[in-house]
Amino acid sequence: MRRILATAAALAVTATAAQAETWTVYAKTANGLEWSYDADYTYRDNQTGRIVVMQAVGKPGAEPRMGPSGPGEADGVGFVTALDCSGKTMISLGGYSPKKPLELSTTWRTGTPGAAKSAEDKALVAAVCKDTSGLSSK
């Protein structure tokens, strides 16, 4: 019985660690919102070479708490985006909110990316693309 409990506890810790979220703020807006990306989710797509990143919005000190949080969280609002660091372009894979689960496009690789135009988009490209050497590939 002790072995079963120890194994279950070890599996729970492993599952929690695998779903870790390391949010890094990359932009702050005039109305107090902060945009962050999840460094644990970020990876290089094998087929396109683009960097896939989860980004979320949050508001520090808000009551009730407001993100950044991932899909499925009561305060999670965000997007998954693929970035072309050299071309400074991006394409959306999908978004999520408390009322909408994350659904990723299956055809995003054939879509036409757009230029990073807004200040927040430019800040995302700059933050994520500054060092992609250690990213995993999927």
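For the structure itself, consult the block above.
Here the structure is a predicted model, which is why all the values come from computation and not from measurement.

*Asks:* How would you summarise the state of the cysteines if you had to cite specific residues and measurements?
*Replies:* Counted according to the given criterion, the structure contains 1 disulfide. At a sulfur-sulfur separation of 1.9 Å, the disulfide partner of Cys-85 is Cys-129. Judged by the torsion about the S-S bond (-75°), the Cys-85/Cys-129 disulfide is left-handed. Taken as a pair, Cys-85 in the loop between strand 5 (78–84) and strand 6 (89–96) and Cys-129 in helix 2 (residues 119–129) lie far apart in primary sequence, 44 residues in all. Under the relative-accessibility criterion, Cys-85 is labelled partly exposed at 23%.

*Asks:* Please set out the side chain of Thr-132 residue by residue, giving values where relevant.
*Replies:* Relative to the elements of secondary structure, Thr-132 occurs in the segment after helix 2. In this structure the side chain of Thr-132 is engaged in a polar contact, spanning 3.0 Å, whose partner is the side chain of Arg-44. Not counting chain neighbours up to four residues away, the residues in contact with Thr-132 comprise Arg-44, Ile-51 and Cys-85.

*Asks:* If you had to explain the pattern of salt bridges to someone new, which residues and values would you point to?
*Replies:* All chains considered together, the criterion is met by 3 salt bridges. As a salt-bridge pair, Lys-28 and Glu-34 come within 3.6 Å of each other at their nearest N and O atoms. Judged by relative accessible area, Lys-28 falls into the exposed class, the value being 61%.

*Asks:* Please set out the pairing of strand 1 (residues 23–28) residue by residue, giving values where relevant.
*Replies:* Bridging between strand 1 and strand 2 (residues 34–38) involves 5 bridges; their strand directions are antiparallel. Bridging across to strand 2, Trp-23 finds its partner in Asp-38. The antiparallel pairing of strand 1 with strand 2 creates a hairpin that spans 5 residues between the two strands, and Gly-32 there sits at a positive phi of about 90°.

*Asks:* Let's hear about the nonpolar core: which residues, and what values?
*Replies:* Tyr-26, Tyr-37, Val-53, Leu-83, Leu-124 and Val-128 are the most contacted members of the largest nonpolar core, which totals 16 residues. Elements with a contribution of two residues or more to this core: strand 1, strand 2, strand 4 (51–58) and helix 2. A total of 6 residues in this core trace back to one element, the largest contributor, which is helix 2. Excluding anything up to four places from it in sequence, Val-53 contacts Tyr-37, Tyr-41, Thr-42, Phe-79, Val-80, Thr-81, Leu-83, Leu-124 and Val-128. Listed in part, the 11 residues of the second largest apolar core include Val-80, Ile-91, Leu-93 and Tyr-96.

*Asks:* Kindly report on the pairing of strand 4, identifying the contributing residues and their values.
*Replies:* For strand 4, the tally of buried residues reaches 8 of 8 residues, placing the bulk of the element in the interior. Residue alternation in strand 4 divides its side chains into two sets, Ile-51, Val-53, Gln-55 and Val-57 and Val-52, Met-54, Ala-56 and Gly-58, and both sets are buried. In the sheet, strand 3 (residues 43–44) pairs with strand 4 via 2 bridges, with the strands oriented antiparallel. Paired with Arg-44 across the two strands is Ile-51, which belongs to strand 4. Where strand 4 and strand 5 come together, 6 bridges link them in antiparallel fashion. Bridging from a neighbouring strand, Ile-51 pairs with Leu-83 of strand 5.

Cut-off values and rules
- Every chain is numbered on its own, with residues counted from 1 as its sequence reads.
- Thresholds applied to this predicted model are a pLDDT of at least 70 for local features of residues and 80 or more for the giving and counting of side-chain atom pairs; totals over whole chains, interfaces and linings are not thresholded and use all residues.
- No hydrogens and no water enter the side-chain calculation; it runs on all heavy atoms of the structure.
- Criterion for a disulfide: a pair of cysteine sulfur atoms within 2.5 Å.
- Put simply, DSSP marks the helices as runs of H or I at least four residues long and the strands as runs of E at least two long, and each gets a number from the N terminus on.
- Burial classes: relative accessible area under 20% of the type maximum marks a residue as buried, over 50% as exposed, and values in between as partly exposed (1.4 Å probe, protein chains only).
- Polar contacts, as used here, are pairs of N or O atoms within 3.5 Å; protein pairs need one atom able to donate a hydrogen and one able to accept it. Residues neighboring in sequence count only if both atoms are side-chain atoms.
- Any two residues whose heavy atoms approach within 4.5 Å are treated as being in contact.
- For this analysis, a salt bridge means a side-chain nitrogen from Lys or Arg found within 4 Å of a carboxyl oxygen belonging to Asp or Glu.
- Note on pairing: DSSP must find at least two bridges between two strands before they are called paired.
- Nonpolar cores were defined as sets of buried Ala, Val, Leu, Ile, Met, Phe, Trp, Tyr and Cys residues, with membership established by side-chain atoms within 4.5 Å.

In short, geometric facts, not functional conclusions.
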